[in-house]
Amino acid sequence: MSDAGIDILAVVDAVSTEKGIEREIIFDALEVALAAATRKNLGGESDVRISIDRETGAYETFQRWLVMADDDPEFQSPDGQILVSTAQQRDSKLEIGDYIEKPIDSVDIGRISAHTAKQVIVQKVREAERTQIAEAYEDKIGDLLIGIVKRVEHAGAYIDLGGNTEGFIPREDTIQREIIRTGDRLRAYLREVRQETRGPQLILSRTVPEFLVQLFHLEVPEIEQGLIEIVGAARDPGIRAKIAVRTNDSRMDPVGACVGMRGSRVQAVSNELSGERIDIITWHENAAQYVINAMSLPSVDEIIQDEEGKIMDIAVEEDRLSQAIGRNGQNVRLASQLTGWTLNVMTASELREKSDQEQRELEERFQKELDVDEHIAGILVENGFREVQELAYVPDEDLLQIDEFNEQVVAELKERAQDSLAQSAEMAEDEDILNVEGMDPDLAMQLALHGITTRRQLAELALDELPEIESLDEERAGALIMKARENLVLVLQLPEA
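Residues numbered from 1 in each chain as written. Predicted model: local features only at pLDDT ≥ 70, side-chain atom pairs only at ≥ 80, totals over all residues. Heavy atoms only, no water.

Colleague: Before we move on, could you go through helix α8 (residues 264-272) and cite the residues and values that matter?
Modeller: Three or four residues apart is the spacing at which side chains of an α-helix point the same way, because the helix has 3.6 residues per turn. By the burial criterion, the buried members of α8 are Val266, Val269, Ser270 and Glu272. The buried residues of α8 all sit within an arc of 160° when viewed along its axis, so they share a single face. The inward-facing, buried residues of α8 contact β8 (185-196), α5 (209-219), α7 (254-259) and β12 (277-282). Immediately beyond the C-terminal end of α8, within one or two residues, lies serine 274, with a positive phi of roughly 60°. (Buried < 20%, exposed > 50% of the residue type's maximum accessible area, 1.4 Å probe, protein only. Helix = DSSP H or I, 4+ residues; strand = E, 2+ residues; numbered from the N terminus. Arc of directions from axis to C-beta. Contact = heavy atoms within 4.5 Å.)

Colleague: Give a detailed account of the sheet that holds strand β14 (residues 311-316), specifying residues and quantitative values.
Modeller: The mixed open sheet is built from three strands, whose spatial order is β13-β14-β15. Looking at the sheet topology across the chains shown, the edges are occupied by β13 (302-306) and β15 (342-347). For this sheet the average axis-to-axis angle between neighbouring strands, irrespective of direction, equals 15°. Summarising the sheet, β13 and β14 pair through five bridges and their orientation is antiparallel. By the bridge assignment for β14, isoleucine 304 is matched with aspartate 313. Contacting β13, β14 and β15, helix α12 (residues 348-370) runs over the sheet at an angle of about 115° to β15. (Pairing = 2+ DSSP bridges. Axes fitted to C-alpha atoms, helices over the stretch in contact; angles between N-to-C directions.)

Colleague: Just give me the short version of the side chain of arginine 235, but keep the residues and values in it.
Modeller: Checked against the element boundaries, arginine 235 lands in strand β10 (residues 228-236). A polar contact of 3.0 Å, which involves the side chain of arginine 235, links it to the backbone oxygen of arginine 206. A distance of 3.1 Å separates the side chain of arginine 235 from the backbone oxygen of threonine 207, its partner in a polar contact. (Polar contact = N/O pair within 3.5 Å; in protein donor to acceptor, adjacent residues only side chain to side chain.)

Colleague: Could you give an account of the environment of leucine 321, naming the residues involved and the relevant values?
Modeller: Mapping leucine 321 onto the fold places it in helix α10 (residues 321-325). Between the alpha carbons of leucine 321 and threonine 347 there is a distance of 7.0 Å; along the sequence they are 26 residues apart. Those residues in contact with leucine 321 that sit more than four places away from it in its chain are Val316, Val345, Met346 and Thr347.

Colleague: With reference to specific residues and values, describe the packing of α12 against helix α13 (residues 374-382).
Modeller: It is the contact of α12 with α13, at a shortest axis distance of 9 Å, that shows an interaxial angle of 125°. Viewed along their axes, α12 and α13 adopt a mutual orientation that is oblique. With respect to the hand of their crossing, α12 and α13 are arranged in right-handed fashion. Across the interface between the two elements, Gln359, Leu362, Glu363, Phe366, Gln367 and Leu370 from α12 touch Glu374, Ala377, Gly378, Leu380, Val381 and Glu382 from α13. In terms of residue class, the contact of α12 with α13 is built from six nonpolar, three polar and three charged. (Parallel < 35°, antiparallel > 145°, perpendicular 65-115°, else oblique. Left-handed = near helix turned anticlockwise from the far one by under 90°. Nonpolar A, V, L, I, M, F, W, Y, C, P; charged D, E, K, R; others polar.)

Colleague: Account for the sheet that holds β12, naming residues and giving values.
Modeller: Ordered by their spatial adjacency, three strands build an open sheet running β10-β11-β12, and the pairing between neighbours is mixed. At either end of the open sheet lies a strand with only one pairing partner, and these are β10 and β12. The sheet shows a mean angle of 20° between the axes of neighbouring strands, direction not considered. Bridge count for strand β11 (residues 240-247) against β12 is six bridges, and the pairing is parallel. Paired with alanine 241 across the two strands is isoleucine 278, which belongs to β12. Across the sheet, α5 is in contact with β10, β11 and β12; its angle to β10 comes to roughly 140°.

Colleague: If you had to explain the side chain of arginine 240 to someone new, which residues and values would you point to?
Modeller: Tracing the chain through its elements places arginine 240 in strand β11. Taking the relative accessible area as the measure of exposure, arginine 240 reaches 10% and is therefore buried. Reaching out from arginine 240, the side chain makes a polar contact with the side chain of aspartate 279 at a distance of 2.6 Å.

Colleague: Tell me about α12, residues and numbers included.
Modeller: If you check α12, its first and last C-alpha atoms are 32 Å apart, about what 23 residues at 1.5 Å a residue would give, namely 33 Å. Aspartate 371, located one to two residues past α12, shows a positive phi value of around 55°. (Expected span 1.5 Å × (residues − 1).)

Colleague: So what's going on with the nonpolar core? Which residues, and what values?
Modeller: One broad rule of soluble globular proteins: the nonpolar side chains tend to lie buried together. Counting residues in each nonpolar core, the largest one holds 24 residues, and the members touching the most others are Leu212, Phe216, Cys258, Leu273, Ile278 and Ile280. Elements represented by at least two residues in this core include exactly α5, β10, β11, α7, α8 and β12. The greatest single-element share of this core, amounting to five residues, is contributed by α5. If we skip the residues at most four places from it in the chain, isoleucine 280 touches Phe216, Ile243, Val245, Val255, Cys258, Val259 and Val266. If you look at the next biggest cluster of nonpolar residues, it comprises 21 residues, including Met312, Ile314, Ala324 and Trp341. (Core = buried A, V, L, I, M, F, W, Y, C linked by side-chain atoms within 4.5 Å.)

This is how it looks when you write it as structure tokens:
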């Protein structure tokens, strides 16, 4: 084994042991450093490859040329590139993208600039450390991490997680009015491993609902054991939160287990969250009852559900209205986030007035779109129809179950509903600015940036009102406006045909 080989193996072993980095990464770094020194000696645009024997440390040096197409505009220098016609004179099997290599004398490792070698090795070590951090923490996304606050800046707080690893809590992920000081021991939720130019950054949060859930996992063994399940959580960080729990064991009280003896468990979580008040409620398979539980209401006067839109109108007694809504709407907002329903809370009289108004609007829409009288429109609304599309495709037998309708009425209603949908589709397509003869997607996009998005808007413009667009000269602009107006007349004439 040569002295140079011994020197290389010594460097590799020393750096690998000190930094905990794989030997292969150090070998790669040395090959890069040796190649840089060789290129400096050769000058020009030479390309060099170094191959170090991983067992002996001996190394070979090759100058190489990339085979490129004869007409490739990227061809720059014969020092590192060669045209395919020339290359194939040497070896007919060579193709574009291959390399031609020639062994050359190796540079003595002792002649490598100490600064260059150190720079390359440090860079490779940092890249390896970043990769190790990213790989180690990718699997921990969603976990709780604990560390010591290193420093606090306007943008957020940096947390020392140990093992030369640092996490960052952005300001928006810190609890309002929470005072974080350097040296504090802090828990946080790993929200993201963000890849940045300076390396992976571990983004932590103390405000997401998942942080609350993980804290309960710590404090309540029954959750970790699978006896209690957290169905959902919603937070107004540092102020109030709601968490829904359930269990398949009828002998267990999931709320009581999460509260703990004399409130010890929930209090421990609350303390970690700067005194955040936590409502623990029982999940229920019935959506209305689940919402009532989430809002902590003893009773309600009436609930109207829109299953498709997941909207729920809730009527409560007038003296309970402010309690149901909460300060600044907090109670109803958190309940909505927890249950996944949009909640509208009001008094019984307001609910009746709202329902009557919606019914009137629906009846008027059916009268207009189906050309029916108020009586038929009212029957449709009373039987749960909300859209013309529903009527167009509902089975005949469903409509025939309505006492006031016979087969003739059903057939006529379905035909009118289908005609209404077809006419709406035609008008929508006809209004598309891309259907104007002579229009192209690029011009349509530029017009849209100036607020001109439909055929009608274009047709109503005078020539001097069109915005200045480089690709739109006066002749073309005039032709487009005239084409848009021609089609506009057709749209207006359609109902008379």
